[in-house]
Amino acid sequence: EMQDEVPTPFREGQARMLVEEALECPLEDIFIDWSDEPCGSASIGQVHRARLKSNGKEVAIKIQYPGIEHKFRSDLKNIIRFCKLAMPQHVKPLREIEKQFLTEFDYKLEAQNLVEIERNLQKQWSDRVCVPKPILPLCKKTILTMEYLHGVPLLKGIEKRMEVLAKQQGRTLEDLEKDFRDRYSTFDEVKDNGEGSNSSSNDSVHGPSSLAEEASTIRWAQRLMLAQDAVMNLPRFLFNYTFGFLFGKYTIKWSDPPLNLAEIIQLLLQVHAHEIFIDGVFNGDPHPGNVLLMEDGRLGLIDYGQVKRIAPETRVTYAKLIIALCEDNKDDIIRIWNKDMNQKSRVNDPDVTYLLACFWHDRNTRDVVGNWNLHQFLEVMEERDPVELVNEEYVMAARVSVLMRGFGNMLGLSLRVAPLWRPYAEEAIKLYGHVEGGGCR
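Parameters and conventions
- Residues numbered from 1 in each chain as written.
- Predicted model: local features only at pLDDT ≥ 70, side-chain atom pairs only at ≥ 80, totals over all residues.
- Heavy atoms only, no water.
- Core = buried A, V, L, I, M, F, W, Y, C linked by side-chain atoms within 4.5 Å.
- Buried < 20%, exposed > 50% of the residue type's maximum accessible area, 1.4 Å probe, protein only.
- Helix = DSSP H or I, 4+ residues; strand = E, 2+ residues; numbered from the N terminus.
- Contact = heavy atoms within 4.5 Å.
- Pairing = 2+ DSSP bridges.
- Axes fitted to C-alpha atoms, helices over the stretch in contact; angles between N-to-C directions.
- Salt bridge = Lys/Arg side-chain N within 4 Å of Asp/Glu carboxyl O.

J.: What exactly am I supposed to notice about the nonpolar core here?
T.: The tendency in soluble globular proteins is for nonpolar side chains to be buried side by side. Within the largest apolar cluster, 84 residues are counted, with the highest numbers of intra-cluster contacts made by Phe-277, Leu-299, Leu-301, Tyr-318, Ile-322 and Trp-421. Examining the composition of this core, we find that 11 residues originate from one element, helix α9 (residues 261-279), more than from any other. With residues up to four places along the chain from it excluded, the contact list for Tyr-318 reads Ile-276, Phe-277, His-361, Tyr-394, Ala-397, Ala-398 and Trp-421. Membership of the second largest hydrophobic core comes to 19 residues, among which are Ala-15, Leu-18, Phe-31 and Tyr-65.

Have a look at this one:
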C-alpha cells in the first residue's frame with residue numbers, strides 16, 4: 001500500500017538477506033510476522049511489512065534496490081551530457097534536480113527528514129495529516145524502517161469510494177464520475193485575489209474562495225447524510241436495545257459519505273505552503289503516489305527522500321513573487337524574476353518572463369499557455385527568448401507548484417496556486433522580512 005503494487009525485482013529471499021546485511025543480525029532477532037511479499041514499491045526500492053519483536057508495533061521496511069544508485073547516476077549524467085549539446089538552458093535546473101534526487105539514495109538522511117518534517121507539521125496539522133515516524137536505530141543507508149500507515153494511495157481511495165457511492169445510488173461509476181467532473185467544471189472563475197479571474201480564457205480556475213465554498217458545501221452534505229442515517233437508524237437502535245434481546249437485532253447501517261476533494265486539495269496546498277514559506281523544509285516530490293488516504297480520515301504523507309531546504313531570505317523573495325502573481329502586477333513579477341531571483345534570458349523579453357513566471361509558479365491556464373500543450377508552450381518560450389541563467393534555489397518550489405496543479409488536474413480541478421499560497425507568503429514576509437537581503441519593497 002505504497003506508491004504502486006508491482007512485482008518484486010528481488011530474487012527469492014534477497015530482501016530478507018539485504019536487511020540482515022544492513023542491520024548486521026538475523027532478521028528474526030528484530031522482526032516478527034515478516035512478509036516476504038512486498039506491500040508496495042517506492043521509487044528506488046520496495047517495501048515489506050513486519051512487526052517489531054520488541055513491542056509488536058507494525059512497521060514498513062523500505063529496501064533499496066542493489067545497484068540502483070549507480071544506474072541512476074549514469075543515466076542522469078548521460079541526460080545532462082546530451083543537454084549540454086542540444087539544450088544547454090536545461091543543464092542548471094537538471095543539476096539541481098540531480099542534487100535533490102541523489103539525496104534519495106541515503107535512507108538515513110530520509111529518516112532524519114521524516115523526523116524534522118513530522119515535528120514541523122505536528123504543531124498544526126497532527127489531526128489532519130500523518131508523516132510516518134522512523135525507527136532510527138533500524139535505519140541505514142539502504143534500509144529505512146518506519147511506522148506502517150494504514151491507507152491506500154489517494155487516487156485509489158477516491159476510486160473505491162466512488163464505486164461504493166455509485167452502488168448505493170444504483171448508478172454506474174461512469175455516470176457518477178461524469179457528474180463529478182461536471183460539478184467542478186461549473187465553478188465560478190476566481191480572480192487574482194482568489195475571488196474571481198481576469199483571465200480571458202474559459203477555463204474554470206479554482207482558488208481560495210471557490211475551494212473553501214465547495215469544501216463547506218460538501219461538509220454540510222456529509223452532515224446531512226449522517227443526520228438522515230441517524231433518523232433512519234433510530235427505530236432500529238431502540239428496537240435492538242429493547243425487544244432485540246428477545247427477537248434478534250436489526251443491522252445498523254451507515255452510508256459512506258462522499259469524499260471532500262476540495263478540502264483534500266486545500267489541505268495539501270496549505271501543508272506544502274507551510275513547509276516552503278514557514279519551515280523552509282519541504283518535500284520536492286509530492287506526487288499523488290506519495291499521499292495516502294488513511295483509515296482514520298487523515299492524509300498520510302510519505303517518501304521524503306527529496307527534501308529541499310531554503311534560507312529565510314530565499315523564502316521572502318519567493319513570497320514577493322507569489323504576491324505579485326496574485327495581484328497580476330506584471331512589472332513587479334518581471335523585476336523580481338530578473339533582479340531579486342537573479343534569473344535571465346538572452347534578451348529578457350518581458351512578455352516571456354511574465355508567462356514563464358505564471359507557468360512555473362501559479363497556473364497553466366489558457367491565458368498563459370494559449371492553445372499549446374505544455375511541451376509546445378515551453379518550446380515556443382525558449383525559441384522566443386532562450387534561458388541563460390536559472391536560480392537553482394527556486395527550481396524545487398516550482399516543481400511543487402506544478403505537481404500540485406497536476407494533482408488537481410487528476411481530480412478534475414484547474415488550480416491557481418499563488419492565491420492559495422498567498423497567506424503563507426505574507427506570513428513569511430512578516431517573520432523573515434528583516435533578514436539581510438530579504439527585505440520587501
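J.: How should the sheet that holds strand β10 (residues 291-294) be read in this particular structure?
T.: To summarise the sheet geometry, strands pair through backbone hydrogen bonds and adopt either a parallel or an antiparallel arrangement. Read across the sheet, four strands follow the order β5-β11-β10-β7 without closing on themselves; strand pairing throughout is mixed. Two strands close off the open sheet at either side, each with one partner strand: β5 (129-130) and β7 (151-153). In this structure, β5 lies alongside strand β11 (residues 299-301), joined through two bridges in parallel fashion. Note on β11: the bridge partner recorded for Cys-130 is Gly-300. Packing against the sheet, α9 makes contact with β5, β10 and β11, and its axis sits at approximately 35° to β11.

J.: Hey, could you run me through the pattern of salt bridges in this one?
T.: Charged atoms that come close allow side chains of opposite charge to pair. For the structure shown, the criterion picks out 26 salt bridges. Note that Glu-118 and Lys-133 form a salt bridge whose closest N and O atoms lie 3.6 Å from each other. Note that Glu-118 is positioned in helix α4 (residues 107-125) and Lys-133 in the loop between β5 and β6 (143-147), a separation of 15 residues in sequence. With relative accessibility at 40%, the residue Lys-133 sits in the partly exposed group. When the shortest N-O distance is used, the salt bridge between Glu-426 and Arg-422 registers 2.9 Å. Taken as a pair, Glu-426 and Arg-422 lie in helix α16 (residues 417-432) at a separation of four residues, close to a single helical turn. In the salt-bridge network here, residues are joined through shared partners; they are Lys-320, Asp-332, Arg-335 and Asp-340.

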